[in-house]
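Per-entry structural report
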Amino acid sequence: MNRDELLIAQLEDRADRASDRYMLVAGDFLDTHQRKVAEDFAKSRKLPVRLLFYGGYEDAERSMPVFLPDYIEMPEKGVPEEVSDLLRIVRVSVSKGGRQLSHRDYLGSLLALGLDREVTGDILVRKPDERTGGGADIIVQTEIADFIEMNYNKAGRTSLTVEVLPIDSLDTGSINIEQKQDTVASLRLDSICASAFGLSRAKAAEAIRRGIVSVNSVEATKIDMEIREKDKIVMRGKGKVTLDEIGGTSRKDRIRIKLNLYR
């Protein structure tokens, strides 16, 4: 049984439990490839309960499959309280003047606690402000939030302060973003990925074919897919960017672009 088949078996089991026990049942966080597998699974058969995906905010890259019995009503906006209660924010702060940490730093130090990647969602790195040297809002399953609060005090040699907050305390407006200007031969996905993530075109194309790249939260496997302004691109293990602006052409007939890099 391969990983996709194992995921489908787990989804089937959770759907059956939600139906048989007439209760909400949620799974672990899925990446964009796994979510596509889950969506295809849901479309291919008639489920006994509703399925939604929830990652804590609208543009979440990682989301949990949640199976809902019919007594849980969907509000006009957002998700039911029973669903939002599944997640918490672990707000991590670095002392003012301390080393600014990256997404990779936070993820690596969380895994060093013995946690599986599947119990954590998006890691939103915050820029420094007047009180702190920056930090991150880390979306986690509620059941492991207290463990992280008690044990997560360092990332490498950098000391951290941690507090657990409700999911509605998420502040996406303070995300740390850097801008990069470049020129590319075309607006194809492989060309934009090469520029955004510092790769050769061949390496970028290989990553796309492996299924580790998504565009606007949908898995993208065509290297010649055309990217447009404001499109969001994520490469697993490398990070997230948006194509902020497409400009004119250079003297060498290359296209000028501006990228927003999420650190």
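See the structure above.
Residues numbered from 1 in each chain as written. Predicted model: local features only at pLDDT ≥ 70, side-chain atom pairs only at ≥ 80, totals over all residues. Heavy atoms only, no water.

Picture the strands of a sheet paired through backbone hydrogen bonds; they go either parallel or antiparallel. Taken together, the six strands give an open sheet; going across it, the order is β9-β14-β13-β12-β10-β11, and neighbouring strands pair in antiparallel fashion. The sheet is open, and its two borders are formed by β9 (177-184) and β11 (218-219), each paired with just one other strand. Both β9 and strand β14 (residues 255-262) contribute to a ladder of eight bridges, which runs antiparallel. Its bridge partner lying in β14, E178 is registered against L261. (Pairing = 2+ DSSP bridges. Helix = DSSP H or I, 4+ residues; strand = E, 2+ residues; numbered from the N terminus.)

With that settled, the discussion passes to the packing of aromatic side chains. With the rule as written, the count across this model stands at one aromatic pair. Looking at K240, its charged tip hangs above the ring of Y262, at a distance of 4.7 Å from the centre. (Phe/Tyr/Trp six-rings, centres within 6.5 Å; stacked < 30°, edge-to-face > 60°. Lys NZ or Arg CZ within 6 Å of the ring centre and 35° of its normal.)

Right, let's talk about a nonpolar patch on the surface for a bit. A surface patch of nonpolar side chains, about 310 Å² in accessible area, is lined by Y22, M23 and Y71. As for its position among the elements, Y22 is in the loop between α1 (3-21) and β1 (25-26). (Patch = residues over 30% accessible without salt bridge, like charges linked within 9 Å, V, L, I, M, F, W, Y side chains within 5 Å. Areas by Shrake-Rupley, 256 points an atom, 1.4 Å probe, with all protein chains shown as cover. Salt bridge = Lys/Arg side-chain N within 4 Å of Asp/Glu carboxyl O.)

This part takes up the layout of surface pockets. A volume near 1200 Å³ is recorded for the largest pocket. Taken together, 48 residues line the largest pocket, and the ones lying closest to its centre are D31, R62, R117, R236 and G237. Going through the elements one at a time, α1, α2 (32-44), α4 (103-111), β5 (120-126), α6 (189-197), β12 (232-235), β13 (239-249) and β14 are the ones with two or more residues in the lining of the largest pocket. Grouping the constituent residues of the lining of the largest pocket by class yields 19 nonpolar, 12 polar and 17 charged. (1 Å grid on protein atoms, 1.4 Å probe; cavity = no way out; pocket = protein on both sides within 12 Å on 5 of 7 lines; lining within 4 Å. Points joined across faces, edges and corners; volume = space filled by probe spheres on them. Nonpolar A, V, L, I, M, F, W, Y, C, P; charged D, E, K, R; others polar.)

An α-helix turns once per 3.6 residues; consequently, residues spaced three or four apart project the same way. Among the residues of helix α5 (residues 142-151), those classed as buried are I144, A145 and I148. Projected onto a plane normal to the axis of α5, the buried residues spread over an arc of 125° and lie on a single side. Those residues of α5 that are exposed and aimed more than 90 degrees away from the buried face are E143 and M150. Those residues of α5 that are buried are in contact with β4 (87-94), α4, β6 (135-141) and β8 (158-166). (Buried < 20%, exposed > 50% of the residue type's maximum accessible area, 1.4 Å probe, protein only. Arc of directions from axis to C-beta. Contact = heavy atoms within 4.5 Å.)

Okay, the sheet that holds strand β3 (residues 64-68) next. On the basis of which strands lie adjacent, the open sheet formed by three strands has the order β1-β3-β2 and antiparallel pairing. Each edge of the open sheet carries a strand with a single partner, namely β1 and β2 (50-54). Here β1 runs beside β3; their pairing, made up of two bridges, is antiparallel. Across the sheet, A26 pairs through a bridge with V66, a residue of β3. Packing against the sheet, α1 makes contact with β1 and β3, and its axis sits at approximately 30° to β3. (Axes fitted to C-alpha atoms, helices over the stretch in contact; angles between N-to-C directions.)

Turning our eyes to something else, we now look at the pairing of β5. Among the seven residues of β5, seven are classified as buried, and the element is accordingly described as predominantly covered. Of the strand pairs in this sheet, β5 and β6 are connected by five bridges, and their pairing is antiparallel. By the bridge assignment, T120 is partnered in β6 with V140.

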